[in-house]
Amino acid sequence: MLRLPTLFRLVAFAVLIAFLVQPQWFEPLLRPLVQENAPAIYNQGSLLQLTLLHLRTVAIATAGAIVVALALAILVTRSSGAEFLPLSRSLVNIGQTFPPVAVLALAVPIFGFGEKPTLIALFLYGLLPIFENALTGLTTLPPSIMEAARGTGMTGRQRLMKIELPLAMPVILAGIRLSVVISLATATIGSTVAARTLGEVIIAGLQSNNLAFVVQGGLIVAVLAVLIHDALQAAERSIGSRMGR
Amino acid sequence: MQFRVDKLGVIIAALAAYGAFLAPFATFRANRIVAGEARSISEALPSAWTVVVLLLVVAAVIVAVLKTPSRLRLGTAFATIAALALGIGAAAGHLTPPENTYARVSPASGFWILLFALGLLAADALARLRPSPLVRVLFLSAVLGFIAAVLTSGTWDGLSLLKEYASRADTFWAEAGKHVTLALGSLAAATIVGIPLGVLCHRVTRLRDGLLGVLNAIQTIPSIALFGILIAPLGWIAIHVPGAAAIGIRGIGTAPAFVALFLYSLLPVVANTVVGLAGVPREANDAARGIGMTDFQRLVGIEFPLAFPVILTGIRIVLVQNIGLATIAALIGGGGFGVFVFQGVGQTAMDLVLLGAVPTVLLAFTAAIVLDAMIEMATPNRSQVQSA
């Protein structure tokens, strides 16, 4: 039997898909928000296409951030990279006090307008939570297990692949989820630097004083973010339970 | 004595060498709009300054590469950063032709790379020294004091960033006020509402899961979307509820930004209050009950003080997050430093972006250090808290 929250999410997902594919079905609902002759449904591009572009940007940036953050975290937690560990910790702390908007705005003069600065900002900002959680996961492993792994004669590489990474995985996955949620939000602001994302709908609404645009853009982004967050959380739980945690 | 090489130092040295010798130190533009021309250190600085800056950079590189005591590394890093800061001011005077008010001089990539490399050196030394919270705050005050002194002395007045400021001094402080009011006001409101909610959640388990779930979902919604969604209901309230418009409730502007920041702030405050109260040892509560304390006395006298460091951690998260998010309020007419950031992006005026971004970052950074120090001082077992 379906639990109530799951049912609620499925309905939200179905409505979201319906809205993206057939937005005109919802026109009567949004009509009261606009003046007589203003369009109630975003008319400067397809909502579905914007959503896909938005998701693509987030996916590319997150994939890059996962690879780089994990590699760095593994590097600084090996004995040969130990000299970098204290600095890595403070860099993560300092980096997270930088607002995403600032990172995005400062990327513009270097990389120009459009997709590129958004991708760079998403990538840089997405690194932090993954790196932080991977560091936490890899440095707080129970010493008894590490001792046992060494005792059975496992090489450093085997220990990393078979013991350390699997044990740290739940914490790392939580970091990835956090990073995706932040990226979804930052990508929305990316449309202020002319990246094609769902932020475009909200900004267009704000500029032309069209409340319907603002509300539909805001709702699509919000529902998307909440659903993706919950889906990732569910995936974490199922991976976690398979690993016996 | 044998010299050993510091791996991190090698990276810092390579960055610093690139920044000092290969990348341009300053950019010169004939006016605000035209493309800039790059100037190396020796071109940008009067010869005496060139010698001072380069000598200090070389000293910092040597100190970084060799394994040296952390205090020496920190001292050298800060001395070199100070020289760079004063030097870029001197560059402005040196590069701007006399009587020319249109020319713009700004720091170029070499300056930023040098600053980044030296910042790494300083951050690494600080992380190794593990200074006590009080020392960290004193250190921060010294750095802020230095920046304030350089700003008031007029050393940087020739720089493009300060020229942008000079032409907007009034708006700058008005937006700064709005930014701080938004960030602190929503934090205050969230603390007043969130802590009692947290206490309630702690006592009533069924309420806890539901409320935390809803707050979690809100936290997931991207800020600009939440700002946008709130415009509709607040606009409706402004029109239909008598007196609402009079106290400043409007569809766009500060009201939706304030409400959104307040909603974002609730989760960390409520969740940390719950976690903090749950962490109060059973023995402490039993002892309090044993001596006949009422529920309220127990809450105020025992539970709350013990949970305080965890609640403070929630407040720190909220404050840093709000200072950053308040920038986005500018998109819906809520003011704040974001006004300059988005204007700058619109006009492709980098200096204007910096005028909004630098104070925001400084503010968030200061808040993080001060609150981290407060949390560490409030925590009985200091070794358990990680420092920034």
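As the structure is a computational prediction, the values presented were derived from the model and not from experiment.

### A few points about the domain arrangement of chain B
Okay, so step 1: You can read the domains of chain B as domain 1 (7-130) and domain 2 (169-384).
Okay, so step 2: A C-alpha centroid distance of 37 Å is found between domain 1 of chain B and domain 2 of chain B.

### Digging into the nonpolar core
Okay, so step 1: Of all hydrophobic cores here, the largest spans 135 residues; its most connected members are Ala105(A) and Val270(B).
Okay, so step 2: The element best represented in this core is helix H15 (residues 350-378) of chain B, accounting for 15 residues.
Okay, so step 3: Counting residues in each nonpolar core, the second largest holds 45 residues, with Ile41(B), Val53(B), Ala60(B) and Ala125(B) among its members.

### Overview of the environment of Ile192(B)
Okay, so step 1: Here Ile192(B) shows up in helix H8 (residues 169-203).
Okay, so step 2: Judged by the 11 C-beta atoms lying within 10 Å of it, Ile192(B) falls in the exposed class.

### Some remarks on the sheet that holds strand S1 (residues 26-29) of chain B
All names here are of chain B.
Okay, so step 1: Read from one edge to the other, the open sheet built from three strands follows the order S2-S1-S3, with strand pairing classed as antiparallel. The strands lining the two open edges of the sheet, one partner per strand, are strand S2 (37-39) and strand S3 (104-107). Strand after strand, the sheet turns through a mean of 30° between neighbouring axes, direction not considered.
Okay, so step 2: For S1 and S3, the ladder comprises four bridges, and the chain directions are antiparallel. By the bridge assignment for S3, Thr 27 is matched with Ser 106.

### So, the interface of chain A and chain B
Okay, so step 1: In this complex, chain A contributes 41 residues to the contact, which on the side of chain B involves 40 residues.
Okay, so step 2: Of all the elements in the fold, those that place two or more residues in the side of chain A that touches chain B are helix H4 (85-95), helix H5 (100-111), helix H8 (156-189), helix H9 (199-207) and helix H10 (211-242) of chain A.
Okay, so step 3: No other element matches the eleven residues that H10(A) contributes to the side of chain A that touches chain B.
Okay, so step 4: In terms of residue class, the side of chain A that touches chain B is made up of 30 nonpolar, nine polar and two charged.

Reading the values: rules and limits
- Residues numbered from 1 in each chain as written.
- Chains lettered and ligands numbered in written order.
- Predicted model: local features only at pLDDT ≥ 70, side-chain atom pairs only at ≥ 80, totals over all residues.
- Domains from an automatic or database assignment.
- Core = buried A, V, L, I, M, F, W, Y, C linked by C-beta atoms within 7 Å.
- Buried ≥ 20, exposed ≤ 12 C-beta atoms within 10 Å, placed from the backbone.
- Helix = DSSP H or I, 4+ residues; strand = E, 2+ residues; numbered from the N terminus.
- Pairing = 2+ DSSP bridges.
- Axes fitted to C-alpha atoms, helices over the stretch in contact; angles between N-to-C directions.
- Contact = placed C-beta atoms within 7 Å.
- Nonpolar A, V, L, I, M, F, W, Y, C, P; charged D, E, K, R; others polar.

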